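Chain by chain, the residues run as shown.
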Amino acid sequence: MTPPVPRQLAELLNAPHAAARNGAWDAFMGEYSKLLLRTAQRASSSRDDAMDRYIFILEQLQEDDFRRLRAFTADGRGKFTTWLVVVARRLCVDHHRSKYGRPQAGHEPTGANSVAHAARRNLLDLIANEIDVDGLEDEGSLHPDAELLSAERRQTLTAAVAELGLGDQLLLTLRFEDDISVEKIAPMIGLQSRFQVHRRLRHVLEQLRRKLIDRGMTES
Amino acid sequence: MNDNGQQLSDPMVFTETGHLTPEMIAAYLGQEVSGEERQAVQQHLLTCKECRVDLAEASELGAVGRRVRWLAVGLPAAAAAVLAVVLLGPATRDATDDTPVLRGEQAEGTARFKAVSPVDGAEVSLDSLVFRWRSEGTGVHYLLTLTDENGDVFWTAGTSDTSLALPLEVGLATGQRYFWYVDALLEGARSSTTGVREILIQP
Ligand SMILES: [Zn+2]
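Everything numeric in this text was worked out from a predicted model, so none of it was measured.

(A) Focus on the overall build of chain B. Along its length, chain B carries six helices and ten strands. Every one of the 203 residues in chain B was classed for burial, and the buried ones make up 47%. Of the accessible surface of chain B, which amounts to about 9900 Å², a share of 52% is contributed by carbon and sulfur atoms.

Dropping the structure here:
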């Protein structure tokens, strides 16, 4: 189902002359300025930064006869507001780069591998903690530092996680690596409510637990 | 080129810099993607924190009014008003905050307190069903919410006590799962919550 283009956007993109365009831009801003400002605020560490970015977003959206906004109608899937947030967020990243000559922390492609690697390690530790890996092991085989996963257990857990469906791997990543609440995760993985996420999560962790038991981390 | 070679170069899915297009993120959130696209999106999200943050922000900021609709169904006006204060309070405050994104539960501005029983996932008998939680102090008002599996509010009740028995007229179905949580209304329009617990009604 293709959602209709919002009225304010259609009027803006179809405005026949400058005066109409100005009026349509005001109407567009009346509808979306709060959303754009909030997006800028959440991508910024200070109020001054947020205002700079907000202004930058508005300039960029107006550029080349609203070239960026016209891209929405080119596809037409999804909600305009969700699309607009992503476009605005990426403009914030561009703004940061143009101002400081480098991407914002958390947006850098360089060194991302080591960051991703560390996050992955952390993810495995968190999952292991959730499914009580220590409780699964013989006392005699416990790692001297019970807080950390042994290399062998890490490998077993990595393999077990990799066997899960993409959606379930994403669920674990969003919940444990990104620490996003179940309520916010629901729409991100196509579930209706936080209750369904809650249930899915328990199911996935139970699945992992069973896999680990099957692979020799026996309970007795 | 790997198996994803074709998808990686698909301009509908990926930008020139190799990230998900805003169109694809919006379509994915609107569940208007094909099976292949969904797979490509999820595969990318697994390894790209930047796009996960974009997705989280688009999902949260771009979904206007969803919570309000969810609350509006089948609630007495007074309870709905209290619930709206509890649930919308943190979100409204958040709007003026410079809160960094992705701090999870804490980012919602809602503190936690402990639910005592039934324990999460417990199988419970209808005739002895009592919900209990830790006190959050004197003069605190609590609001218990019971929902069905879809998150639709089934029953809600307020109390200043730290327990509530389920009245018999609330007809829970045996063999069904329900979810419950308690919100505490604290001083200064603050609130805290137990978070969601699941129960299964014994057949
Ligand atoms: Zn990406």
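Following the structure, the description resumes.
(B) Broad picture of the confidence of the model for chain B. All names here are of chain B. A residue-level look at chain B finds 69% of positions with pLDDT of 70 or above and a mean pLDDT of 73. Confidence, expressed as mean pLDDT per element, reaches its minimum in chain B at helix 5 (residues 66–72) with 33 and its maximum at helix 3 (residues 35–47) with 95. Segment residues 1–7 is flagged for pLDDT under 50; beyond a separation of four residues in sequence, or across chains, it makes six contacts in the model. Here the complex is predicted with pTM 0.63, and the ipTM for its interfaces comes to 0.84.

(C) Spotlight on the pattern of salt bridges. Residue and element names in this part refer to chain B. For the coordinates displayed, the defined rule picks out 28 salt bridges over all chains. Ionic pairing is found between Glu198 and Arg177, a salt bridge with its closest N-O pair at 3.1 Å. Here the residue Glu198 occupies a position in strand 10 (residues 197–201), and Arg177 occupies one in strand 8 (residues 177–185), the gap between them amounting to 21 residues. With relative accessibility at 0%, the residue Glu198 sits in the buried group. Judged by relative accessible area, Arg177 falls into the partly exposed class, the value being 28%.

(D) Main features of the coordination of the zinc ion. Residue and element names in this part refer to chain B. Distances from the zinc ion to its protein donors, His19 (ND1), His44 (NE2), Cys48 (SG) and Cys51 (SG), fall within 2.1 to 2.3 Å. Each of the four donor atoms around the zinc ion contributes to a set of angles spanning 100 to 127°, which defines the coordination as tetrahedral. Overall, Cys51 belongs to the buried group, its relative accessible area being 0%.

(E) The packing of helix 4 (residues 80–100) of chain A against helix 2 (residues 22–29) of chain B, seen in detail. Following both chains from N to C, one finds helix 4 of chain A and helix 2 of chain B inclined at 145°, their axes separated by 8 Å at the closest point. In this structure, helix 4 of chain A crosses over helix 2 of chain B, and the sense of that crossing is right-handed. Between helix 4 of chain A and helix 2 of chain B, the residues in contact are Thr82, Trp83, Val86, Val87 and Arg90 of chain A and Pro22, Glu23, Ile25, Ala26 and Leu29 of chain B, respectively. Of the residues assigned to the contact of helix 4 of chain A with helix 2 of chain B, the class counts are seven nonpolar, one polar and two charged.

(F) Representation of the packing of aromatic side chains in the model. Scanning the entire structure with this criterion turns up twelve aromatic pairs over all chains. Between Tyr32 of chain A and Phe80 of chain A, the ring centres sit 5.1 Å apart and the planes meet at 75°, which makes this aromatic pair edge-to-face. Within this pair, whereas Tyr32 of chain A is found in helix 2 (residues 18–42), its partner Phe80 of chain A is found in helix 4, the two being separated by 48 residues in sequence. With a centroid separation of 4.7 Å and an interplanar angle of 35°, the aromatic rings of Phe195 of chain A and Phe179 of chain B are classed as tilted. Here Phe179 of chain B lies in strand 8 and Phe195 of chain A lies in helix 10 (residues 194–214), a pairing that spans two chains. Sitting over the ring of Tyr181 of chain B, Arg194 of chain A keeps its end group 4.7 Å from the ring centre.

(G) Highlighting helix 2 of chain A. The largest bend in helix 2 of chain A comes to about 55°, at Tyr32 of chain A. Listed in full, the buried residues belonging to helix 2 of chain A are Ala24, Trp25, Phe28, Met29, Tyr32, Leu35, Leu36, Thr39, Ala40, Gln41 and Arg42 of chain A.

(H) View of the pairing of strand 5 (residues 141–147) of chain B. Residues and elements named next belong to chain B. Taken across its seven residues, strand 5 has six buried, putting it largely inside the fold. The sheet contact formed by strand 5 and strand 8 spans seven bridges and is antiparallel. Pairing of Thr147 across the sheet is with Phe179, part of strand 8.

(I) Summary view of the nonpolar core. In terms of nonpolar packing, the biggest core is built from 76 residues, with Phe28, Leu69, Leu84, Ile127 and Leu172 of chain A touching the most fellow members. Looking at this core element by element, the count peaks at nine residues for helix 4 of chain A. Discounting chain neighbours no more than four positions away, the residues touching Leu84 of chain A are Phe28, Tyr32, Leu35, Leu36, Leu61 and Leu69 of chain A. Grouped together as the second largest cluster of nonpolar side chains are 24 residues, Phe113, Val140, Leu144 and Ile199 of chain B included.

Criteria and thresholds
Residues numbered from 1 in each chain as written. Chains lettered and ligands numbered in written order. Predicted model: local features only at pLDDT ≥ 70, side-chain atom pairs only at ≥ 80, totals over all residues. Heavy atoms only, no water. Helix = DSSP H or I, 4+ residues; strand = E, 2+ residues; numbered from the N terminus. Buried < 20%, exposed > 50% of the residue type's maximum accessible area, 1.4 Å probe, protein only. Areas by Shrake-Rupley, 256 points an atom, 1.4 Å probe, with all protein chains shown as cover. pLDDT = per-residue confidence, 0-100. Contact = heavy atoms within 4.5 Å. Salt bridge = Lys/Arg side-chain N within 4 Å of Asp/Glu carboxyl O. Donors = N, O, S within 2.8 Å, 3.2 Å for Na, K, Ca; no water. Tetrahedral: all angles 85-135°; square planar, octahedral: opposite > 155°, others 65-115°. Axes fitted to C-alpha atoms, helices over the stretch in contact; angles between N-to-C directions. Left-handed = near helix turned anticlockwise from the far one by under 90°. Nonpolar A, V, L, I, M, F, W, Y, C, P; charged D, E, K, R; others polar. Phe/Tyr/Trp six-rings, centres within 6.5 Å; stacked < 30°, edge-to-face > 60°. Lys NZ or Arg CZ within 6 Å of the ring centre and 35° of its normal. Bend = angle between axes of the 7 residues up to and from the residue. Pairing = 2+ DSSP bridges. Core = buried A, V, L, I, M, F, W, Y, C linked by side-chain atoms within 4.5 Å.

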